[in-house]
Amino acid sequence: MSKPYDATSKDLVEADPAGWVAYLGHPVAPAAVRLVDADVSTVTADADKVIRVDDPAPWLLHLEIQANRDVDLARRLLRYNALLAHRHDLPVASVAVLLCPDANVPGLTGALPSHPPVGPGWDFRYSVIRVWERPAAEFLAGPLGLLPLALVADVREADLSGVVDAMKARLDPQADAGLAARLWTAGYVLMGLRFARAVADNLLSGVLQMEQSTTYQAILERGEAKGRQTGIEMGQVAEARRVLLRLGRARFGPPGPATEHAVAALADRARLEALIERVLTASAWDELLAAE
């Protein structure tokens, strides 16, 4: 998934792994779940997050959280599913969590059919959650750790203040300061997928817990680091971003909000120049940025 939302989404799962299992229809005590090593890098990159559920018959929940379109996502889910099942010797349930319309793929139906010329055909089955199609009330009334998804669910900008109030009504009595900070920060970052950053600033500026979050501090530190660049360096980086977006539009079409945020987060001129060179060989925005 795109870099600006990668750490935030993984942090969201770490904050409440039992909540994700419950949201998917399998309520379980927090003590019965734990995050396990998602590294399958002997063959490919890491999966997003993997949760072990210690039922009488243990199993794994694999969550792949996407902010950008990935035409190969279903096959990637199959690859991770097989590798995790082999590594842990447990059944694996795979779920694609699409955070915004930019991440949508029409063929992502929940089944990947295989019809070999010999032997029986079979389907790999997985689940798909299109967050922007789900009602905000579903997340507001659901597990505590999924509350930030209400801010990017099926909600209009005019209704966001009510969503923030409903989140606060649950977090104030139910979450300690550390968890509340993590969840407010996740909501702040995820809102960038759907709304202008000024909207998030206006709505969440009064949430004091967010200022204590290590994730939020990392965001501030990244901004301060950019601010320490010389004027020349900043100008070169800005020009490289402009060229990348211009060439990309000509080859792939207009970038979506998540793609624009991903490009805006790139502050290394050498990396930007490498992406500009790869525009000629990539076939889509997601393929281009996947190299980063």
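Chains are numbered independently. Their residues run from 1 in the order of the written sequence. It should be noted that, the model being predicted, local features are given only for residues of pLDDT at least 70 and side-chain atom pairs only at 80 or more, the latter also being counted only at that level, while totals for whole chains, interfaces and linings use all residues. Only hydrogens and water are removed before side-chain values are computed, so all heavy atoms of the structure are retained for them.

(A) Examining the overall build of the chain more closely. Every helix listed is a DSSP run of H or I at least four residues long, and every strand listed is a run of E at least two residues long, numbered separately from the N terminus. From N to C terminus, the chain includes twelve helices and seven strands. We call a residue buried when its accessible area falls under 20% of the maximum for its residue type, exposed when it is over 50%, and partly exposed in between, using a 1.4 Å probe and counting protein chains only. The buried share of the chain, taken over its 292 residues, is 47%. With residues, only the protein chains shown are counted as cover, and all accessible areas are computed by Shrake-Rupley using a 1.4 Å probe. Accessible surface, the chain as shown: approximately 14100 Å² in total, 54% of it carbon and sulfur.

(B) Quick peek at helix 11 (residues 269–278). Among the residues of helix 11, those classed as buried are L272, L275 and I276. Each buried residue of helix 11 sits inside an arc of 105 degrees when the element is viewed along its axis, so together they form one side. Opposite its buried face, helix 11 presents the exposed residues A270 and E277, each directed more than 90 degrees away. Its side-chain oxygen placed 3.0 Å from the backbone nitrogen of A270, D268 serves as the N-cap of helix 11. Note: the arc covers the axis-to-C-beta directions of the helix. What qualifies as a polar contact is a pair of N or O atoms within 3.5 Å, subject to a donor-acceptor requirement within protein and to the restriction that residues adjacent in sequence count only when both atoms come from side chains.

(C) Molecular detail of the confidence of the model for the chain. With 84% of its residues at a pLDDT of 70 or more, the chain has an overall mean of 84. On a range of 0 to 100, pLDDT expresses the predictor's confidence in each residue. Contacts between residues were defined by any pair of non-hydrogen atoms, one from each residue, lying within 4.5 Å. In the predicted structure, residues 41–45 sits below a pLDDT of 50 and forms seven contacts with residues beyond four places in sequence or in another chain.

(D) Up close: the pairing of strand 2 (residues 49–53). Of all five residues that make up strand 2, four are buried, and the element is covered over most of its length. Strand pairing is assigned whenever DSSP identifies at least 2 bridges connecting the two strands. With three bridges connecting them, strand 1 (residues 33–35) and strand 2 associate as antiparallel partners. From the neighbouring strand, L35 faces strand 2, where its bridge partner is I51. Here strand 2 folds back onto strand 3 (residues 59–66), and the loop between the two strands holds five residues.

(E) Highlighting the packing of helix 5 (residues 160–174) against helix 7 (residues 197–204). To obtain an axis, a line is fitted to C-alpha atoms, over the contacting stretch when the element is a helix, and the angle between two such axes runs from 0 to 180 degrees between their N-to-C directions. Helix 7 packs onto helix 5 with a crossing angle of 45 degrees between their chain directions and a minimal axis gap of 10 Å. In terms of their interaxial angle, helix 5 and helix 7 are classed as oblique. Here helix 5 runs over helix 7; the crossing is right-handed. Of the residues in helix 7, those touching helix 5 at L160, S161 and V164 are V199, L203 and L204. Under the scheme applied, nonpolar residues are Ala, Val, Leu, Ile, Met, Phe, Trp, Tyr, Cys and Pro; charged residues are Asp, Glu, Lys and Arg; polar residues are all the others, including Gly. In the contact of helix 5 with helix 7, the residues fall into five nonpolar, one polar and no charged. Geometric relationships in this document are graded by angle, where less than 35 degrees denotes roughly parallel, more than 145 denotes roughly antiparallel, 65 to 115 denotes roughly perpendicular, and other angles denote oblique. Each helix crossing is assigned a hand: it is left-handed if the near helix lies turned anticlockwise from the far helix by less than a right angle, otherwise right-handed if that turn is clockwise.

(F) Structural view of unusual backbone geometry. In this structure, D89 is a non-glycine residue whose phi angle is positive, near 55 degrees. Along the polypeptide, D89 turns up in the loop between helix 3 (73–88) and strand 4 (92–98).

(G) Fine view of the environment of L160. Within the element layout of this structure, L160 appears in helix 5. Placed ten residues apart in sequence, L160 and A150 show a C-alpha to C-alpha distance of 9.0 Å. Every residue in contact with L160, bar those within four places of it in the chain, is listed here: L151, V155, M191, F195, V199 and L203.

(H) Up close: the nonpolar core. Buried Ala, Val, Leu, Ile, Met, Phe, Trp, Tyr and Cys residues form a nonpolar core when they are joined through side-chain atoms within 4.5 Å. Formed by 56 residues in total, the largest nonpolar core has its most connected members in W20, I51, V97, L99 and L149. Looking at which element gives the most residues to this core, the answer is helix 6 (residues 177–190), with seven residues. Ignoring any residue separated from it by four or fewer positions in sequence, one finds L149 in contact with L12, W20, L99, V131, F139 and L190. If you look at the next biggest cluster of nonpolar residues, it comprises 16 residues, including L245, V263, L266 and L288.

(I) Structural view of helix 5. Multiply 1.5 Å by the residue count of a helix minus one, and that product is the helix's expected span. Taking 1.5 Å of rise per residue, the 15 residues of helix 5 would be expected to cover 21 Å, and the 21 Å separating its terminal C-alpha atoms lies within 8% of that figure. At its buried positions, helix 5 is contacted by helix 4 (136–140), helix 6 and helix 7.

(J) Molecular detail of the pattern of salt bridges. Salt-bridge detection follows one rule: a side-chain nitrogen of Lys or Arg within 4 Å of a carboxyl oxygen of Asp or Glu. On inspection of all chains with the given rule, the structure shows twelve salt bridges. As a salt-bridge pair, D72 and R75 come within 2.5 Å of each other at their nearest N and O atoms. Take D72: its relative accessible area is 26%, and that puts it in the partly exposed class. In this structure R75 comes out as partly exposed when scored by relative accessible area, which is 47%.

(K) Region of the structure containing the sheet that holds strand 3. Spatially, five strands are ordered 1-2-3-4-7 in an open sheet, and the strand pairing comes out mixed. Where the open sheet ends on each side, the last strands, each with one partner, are strand 1 and strand 7 (127–130). In this sheet, neighbouring strand axes are inclined to one another by 25 degrees on average, regardless of whether the strands run parallel or antiparallel. One ladder, built from seven bridges, connects strand 3 with strand 4; its direction is parallel.

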